[in-house]
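Each chain is listed here by its residues.
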Amino acid sequence: MLGQDFVESVEGKTRLLVPHSSLTSKVPPKWPAFFNPSARLNRNLSMLAYRAFIGRLDGEKTFADSLTGIGARALRVAVEVPGIEQVYGNDVNPIAIEAAKNASAINSVADKCTFSIAEVCKFLTDHATREGERFGIVDLDPFGTPARHLDCMLRSVVDEGLVSVTATDNAVLCGIYPDVCFRRYYGKPLNNSYCNETALRLLLSLLALTASRLELSIKPVFAHANMHYFRVYAQVFVSSSGANKMPDNIGYMMHCFKCGNRLLREEKDCDSLRCKLCESRLTVGGQLWIKNLYDKEFISKMASCEPDRECRKVLDACASELDNIPYYFRVDEISSMLKTNPVSVFKMVELLDKAGFAVSGTALNTGGFKTDARLDEILDIMKQKIARG
């Protein structure tokens, strides 16, 4: 029986039973069960993604939350995603699972919710090895890195199903611990002004390469970074020919920490490159995913699922973003280089567009912009604006 440590909390259209300490502590404790109220935006975006994807599934429409905690995401899927037929929630904490079961009854969805207590890979592998029991959608949201569980997750999803994966080891993916990042993600991070995009692309690269080893391919449909969350969504295909093509999506970022220049390289032998702007040695980031982060049709479908204002802002930025450019610039770094007051992102986009460059904002930083213009070209355009007053 759950004690007074648990209270009812409403998120979206779903009533949850959460530890009171999760709502009052600055850092949500893992005991008696874990619930992070500040991850509401991530769960809200998840609901939109699952609602947008559910129509793509053939056969039984199932969802698995492999590290469910008190069941926040699983229960919200059961309540808020029309068409979902069966929801599975798994955790190693029996108290958390008891809270999830009780909340499923409160929300009148107990008949389509199945909860289990097992180690995450055992839970996923058990379903992967049973005929007809793979999941249509699988979520993996661990503490820290998801790297050790990706194989099990990919084996447990149906052909053309969806996986959603979270990484929260920020210090690793953003370059504080590069050796650990290489060990976990097979790529070097960049500790710079756009490290959150590099982090997402390192995560996608690992997912793609793991999939290819299993004769699978992936197609990213959505990705976002918020606070300490890096989160990607990808459709998975059983395809040896697709698996063969996965390395074509992998490349390297080159960054100059002296002048701020940055460029994309597809070849592997790039350690000796020098910056064309200042002749300094370039720092290598990757291997990482260098192609699109979003399926724009999928983003449009998410936007049609009645997002709140905060989610709408993210999706609108994704819809117009040049997501095949694997980096962005920030207006404050440009102004700092020129020792002048920063212009708005809107004005920067306008100036670069008038100069004939491809340009957009980015969902990954409200003060950032993406463009095919090189750094020196951006600075020249800004200098001309300053000269005109």
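Residues numbered from 1 in each chain as written. Predicted model: local features only at pLDDT ≥ 70, side-chain atom pairs only at ≥ 80, totals over all residues. Heavy atoms only, no water.

A. Summary view of the overall build of the protein. When helices and strands are counted, the protein shows 15 helices and 15 strands. Rg of the C-alpha trace for the protein: 22 Å, near the compact-globule value of 21 Å for 389 residues, within the 12% margin. For the protein, with 389 residues in total, the buried portion stands at 56%. Counting only contacts in the protein whose residues sit at least 6 apart along the sequence, the fraction spanning at least 24 positions is 67%. With the model as given, the accessible surface of the protein reaches about 17,000 Å², and the carbon-plus-sulfur share is 49%. Averaged over its 48 positive side-chain charges, the protein has a centre that lies 5 Å from the centre of its 46 negative ones. (Helix = DSSP H or I, 4+ residues; strand = E, 2+ residues; numbered from the N terminus. Rg over C-alpha atoms; globule rule 2.2 N^0.38 Å. Buried < 20%, exposed > 50% of the residue type's maximum accessible area, 1.4 Å probe, protein only. Contact = heavy atoms within 4.5 Å. Areas by Shrake-Rupley, 256 points an atom, 1.4 Å probe, with all protein chains shown as cover. Lys, Arg positive; Asp, Glu negative; His and termini not counted. Charge placed at Lys NZ, Arg CZ, Asp CG, Glu CD.)

B. A look at the packing of helix α2 (residues 40-53) against helix α12 (residues 309-320). Close contact between α2 and α12 brings their axes to 10 Å; oriented N to C, the two are set at 65°. Comparing the axis directions of α2 and α12 gives the class roughly perpendicular. Like other packed secondary-structure pairs, α2 and α12 cross with a definite hand, here right-handed. Contacts from Leu41, Asn44, Leu45 and Leu48 in α2 reach Glu310, Cys311 and Leu315 in α12. Grouping the constituent residues of the contact of α2 with α12 by class yields five nonpolar, one polar and one charged. (Axes fitted to C-alpha atoms, helices over the stretch in contact; angles between N-to-C directions. Parallel < 35°, antiparallel > 145°, perpendicular 65-115°, else oblique. Left-handed = near helix turned anticlockwise from the far one by under 90°. Nonpolar A, V, L, I, M, F, W, Y, C, P; charged D, E, K, R; others polar.)

C. A look at the pattern of salt bridges. Summed over all chains, the structure comprises 21 salt bridges. Here Arg73 and Asp141 are joined by a salt bridge, their closest N and O atoms 3.1 Å apart. Of this pair, Arg73 sits in helix α3 (residues 72-80) while Asp141 sits in the loop between β6 (135-140) and α6 (150-155), placing them 68 residues apart in sequence. Overall, Arg73 belongs to the buried group, its relative accessible area being 5%. Using a relative accessible area of 16% as the deciding quantity, one classes Asp141 as buried. Three or more residues joined by partner-sharing salt bridges are found here, namely Glu11, Arg43, Arg76 and Glu80. (Salt bridge = Lys/Arg side-chain N within 4 Å of Asp/Glu carboxyl O.)

D. Molecular detail of the packing of aromatic side chains. Within the structure shown, the criterion is met by 11 aromatic pairs. Considering the side-chain rings of Phe222 and Tyr233, the 5.4 Å spacing of their centres and the 35° angle between planes classify their relative orientation as tilted. Residue Phe222 is located in strand β8 (residues 216-226), and its partner Tyr233 is located in strand β9 (residues 229-238); the two are separated by 11 residues in the primary sequence. When sorted by exposure, Phe222 lands in the same class as Tyr233, which is buried. Among the aromatic residues, those joined into a cluster by ring pairs are Tyr50, Phe63, Phe222, Tyr233 and Tyr294. Taking the ring centre of Phe143 as reference, the NZ or CZ of Lys30 above it sits at 4.2 Å. (Phe/Tyr/Trp six-rings, centres within 6.5 Å; stacked < 30°, edge-to-face > 60°. Lys NZ or Arg CZ within 6 Å of the ring centre and 35° of its normal.)

E. Highlighting the state of the cysteines. For the structure shown, the criterion picks out one disulfide. Between the sulfur atoms of Cys121 and its disulfide mate Cys152 the distance is 2.4 Å. Disulfide Cys121-Cys152: the torsion about the S-S bond is 105°, which places it as right-handed. Placement of the pair is Cys121 in helix α5 (residues 120-128) and Cys152 in helix α6, with a sequence separation of 31 residues. Accessibility expressed as a relative area gives 14% for Cys121, which makes it buried. Take Cys195: it sits in no disulfide, and the sulfur closest to it among the cysteines is that of Cys174, at 3.3 Å. We note that Cys256 lacks a disulfide partner, and the nearest cysteine sulfur, in Cys278, lies 3.4 Å from it. On the basis of relative accessible area, Cys256 is assigned to the buried category, the value being 0%. (Disulfide = S-S within 2.5 Å.)

F. Main features of the sheet that holds strand β12 (residues 283-289). Ordered by their spatial adjacency, three strands build an open sheet running β11-β10-β12, and the pairing between neighbours is antiparallel. Strands at the two margins of the open sheet, each flanked by one partner only, are β11 (262-265) and β12. Direction aside, neighbouring strands of the sheet carry axes that sit 25° apart on average. Sheet topology places strand β10 (residues 250-255) next to β11; four bridges connect them, and they run antiparallel. Paired with His255 across the bridge in β11 is Arg262. (Pairing = 2+ DSSP bridges.)

G. Broad picture of the sheet that holds strand β14 (residues 359-361). Read from one edge of the open sheet, three strands run β13-β15-β14, paired in antiparallel fashion. Every other strand in the sheet has two partners, leaving β13 (329-330) and β14 as the edge strands with one partner each. By the bridge criterion, three bridges tie β14 to strand β15 (residues 368-371) in an arrangement that is antiparallel. Across the sheet, Gly361 pairs through a bridge with Phe369, a residue of β15.

H. Summary view of the environment of Gln235. Position of Gln235 among the secondary structure elements: in strand β9. Distance in space between the C-alpha atoms of Gln235 and Pro220 is 6.4 Å, their sequence separation being 15 residues. With sequence-adjacent residues up to four places away left out, Gln235 is seen in contact with Phe53, Arg56, Glu160, Gly161, Leu162, Ser217, Ile218 and Lys219. Among the polar contacts made by the side chain of Gln235, one reaches the main-chain carbonyl oxygen of Glu160 at a distance of 3.0 Å. (Polar contact = N/O pair within 3.5 Å; in protein donor to acceptor, adjacent residues only side chain to side chain.)

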